[in-house]
Amino acid sequence: MKRILTGIQPSGTLHIGNYFGAMRPILDMQGRGEVFVFLADLHALTSLRDADAMRANVHEATVDFLACGLDPEKTVYWRQSDIPAHAELMWILSTLTPKPMLELAVSYKDKVEQGIAANAGLFTYPVLQAADILLYDSDVVPVGRDQRQHLEMTRDIAAKFNAAYGDTFKLPDAEISDEVAVVPGLDGRKMSKSYGNTLELFQDEKPMRKKVMSIVTDSTPLEAPKDPAGSNILALYRLVASPEQVARMEDDFRAGGIGYGDFKKRLFESLQEYFAPMRARRAEILARPGYVDEVLEEGARRARAIADATMDRVRSAVGLR
Ligand code: ADP
Ligand code: TRP
């Protein structure tokens, strides 16, 4: 059975762009192989310097994952920093990583351009990512297009290690999904926290309704036919409504005589319905004190067993024992 591994940065309140773009694809992997998912909190330190926010993000991400269908029996789920071997292996790999290779990293340049401090952690971010992947003998790493270069670096670093010290690491394959569509935000741009145009999965009904009603539309009058192709409302509706409901809304767009306010109400209702089971599950999880910590502990226990075995191999390969 293939081992599928991926890491996600715990980045705060979940919006439906994160859900459909990142979380859903991970949850859909469950059952396809042996799934390993971890919260990359050490990576998150490169851009978050607030201990309370870090703790809250890790907790919230775990609650959200469980609410949305993560099965901790099937999936090994842990917090990166619970396994110090991530950092130890990173150091060993960094002694084999050519500095010019890291200088080519697009993600580093992008982040510095966005104004994140150009510290050594940000610069060596791909080496930590390589350690994450190699530590667990991963076969497949499903990631977004922006991470392709990091996977190539991981394979490069693993090959350098194997050439220097003998066959130690499995070379993982990236799995780049092209079909994950970009979820539009309230203003039609990509939904993103940095644009302030998000719809949060787990917000209360009232603010959710208010946000849906504020979706930006064109000024086609109520009675006129409307174009379904470019509509933001429909793009979101397609994610949460049944095919019949979507077809009906498309017909109603073309027919004219119905205003955008009405379409937004339908979208709001479908959103409520779609996420209702996850909300209910979330409430159950929040009502069980200690449950999140138990899940993280059990995940760390399972991850540690594999990480320890890899580190035994690595330490004896390089002569640290
Ligand atoms: P944000 O842009 O809100 O800061 P992040 O950069 O933290 O979101 O994204 C976390 C994950 O969610 C990434 O894997 C990203 O690809 C996915 N994601 C974020 N926004 C969207 C979107 N609008 N459509 C599809 N996927 C998204
Ligand atoms: N760099 C990834 C991102 O920003 C997160 C990540 C860290 C990761 N380590 C990983 C993804 C290992 C896959 C495998 O999305």
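Refer to the preceding data block for the structure.
Only a predicted model underlies this, so the values are computations on that prediction, with no experimental measurement involved.

Enquirer: How do you make sense of the site of ligand 1 when you look at a structure like this?
Expert: The environment of ligand 1 is made up of 13 residues, and the closest members are His15, Val183, Met191, Ser192 and Lys193. With respect to ligand 1, the backbone of Gly17 contributes an N or O atom lying 3.2 Å from a nitrogen atom. In the complex, 68% of the free accessible area of ligand 1, which totals 540 Å², lies under the protein chains. Counted by class, the shell around ligand 1 contains five nonpolar, six polar and two charged residues.

Enquirer: Sorry if this is basic, but what is going on with helix H11 (residues 232–240) here?
Expert: Note on helix geometry: an α-helix contains 3.6 residues per turn, so any two residues three or four positions apart are oriented the same way. Here H11 has its buried residues at Asn232, Ile233, Leu234, Leu236, Tyr237 and Val240. Buried positions along H11 lie against helix H1 (16–29), helix H12 (243–255) and helix H13 (260–286). One side-chain oxygen of the residue at the start of H11 lies 3.1 Å from the amide nitrogen of Ile233, identifying that residue as Ser231.

Enquirer: Just to check I follow, could you spell out the site of ligand 2 for this structure?
Expert: Not every one of the 14 residues close to ligand 2 is listed here, only the nearest: Gly7, Tyr125, Gln129, Asp132 and Gln147. Side-chain polar atom of Gln129 to a nitrogen atom of ligand 2: 3.0 Å apart, as the coordinates give it. Contact distances for ligand 2 include 2.7 Å between a nitrogen atom and a side-chain N or O atom of Asp132. Protein chains bury 88% of the 370 Å² of accessible surface belonging to ligand 2 in isolation. At four residues, the largest contribution of residues to the shell around ligand 2 is made by helix H8 (residues 125–134). Looking at side-chain class alone, the shell around ligand 2 contains seven nonpolar, six polar and one charged residues.

Enquirer: Just to check I follow, could you spell out the nonpolar core for this structure?
Expert: One recurring pattern in soluble globular proteins: nonpolar side chains tend to sit buried together. Within the largest apolar cluster, 51 residues are counted, with the highest numbers of intra-cluster contacts made by Ile16, Cys68, Leu199, Leu267, Leu271 and Phe275. In terms of residue count, the dominant contributor to this core is H13 (eight residues). Ranked by size, the runner-up nonpolar core spans 41 residues in total, among them Ala40, Leu135, Ala300 and Met311.

Enquirer: Can you walk me through the side chain of Gln30 in this structure?
Expert: With respect to the secondary-structure elements, Gln30 resides in the loop between H1 and strand E2 (34–39). A relative accessible area of 15% places Gln30 in the buried class. A polar contact of 3.1 Å, which involves the side chain of Gln30, links it to the backbone oxygen of Gly69. Residues in contact with Gln30, not counting those within four places in the same chain, are Val35, Gly69, Leu70, Asp71 and Thr75.

Parameters and conventions
- Residues numbered from 1 in each chain as written.
- Chains lettered and ligands numbered in written order.
- Predicted model: local features only at pLDDT ≥ 70, side-chain atom pairs only at ≥ 80, totals over all residues.
- Heavy atoms only, no water.
- Near = heavy atom within 4 Å.
- Polar contact = N/O pair within 3.5 Å; in protein donor to acceptor, adjacent residues only side chain to side chain.
- Areas by Shrake-Rupley, 256 points an atom, 1.4 Å probe, with all protein chains shown as cover.
- Nonpolar A, V, L, I, M, F, W, Y, C, P; charged D, E, K, R; others polar.
- Buried < 20%, exposed > 50% of the residue type's maximum accessible area, 1.4 Å probe, protein only.
- Helix = DSSP H or I, 4+ residues; strand = E, 2+ residues; numbered from the N terminus.
- Contact = heavy atoms within 4.5 Å.
- Core = buried A, V, L, I, M, F, W, Y, C linked by side-chain atoms within 4.5 Å.

Function cannot be read off these values alone, since they describe shape.
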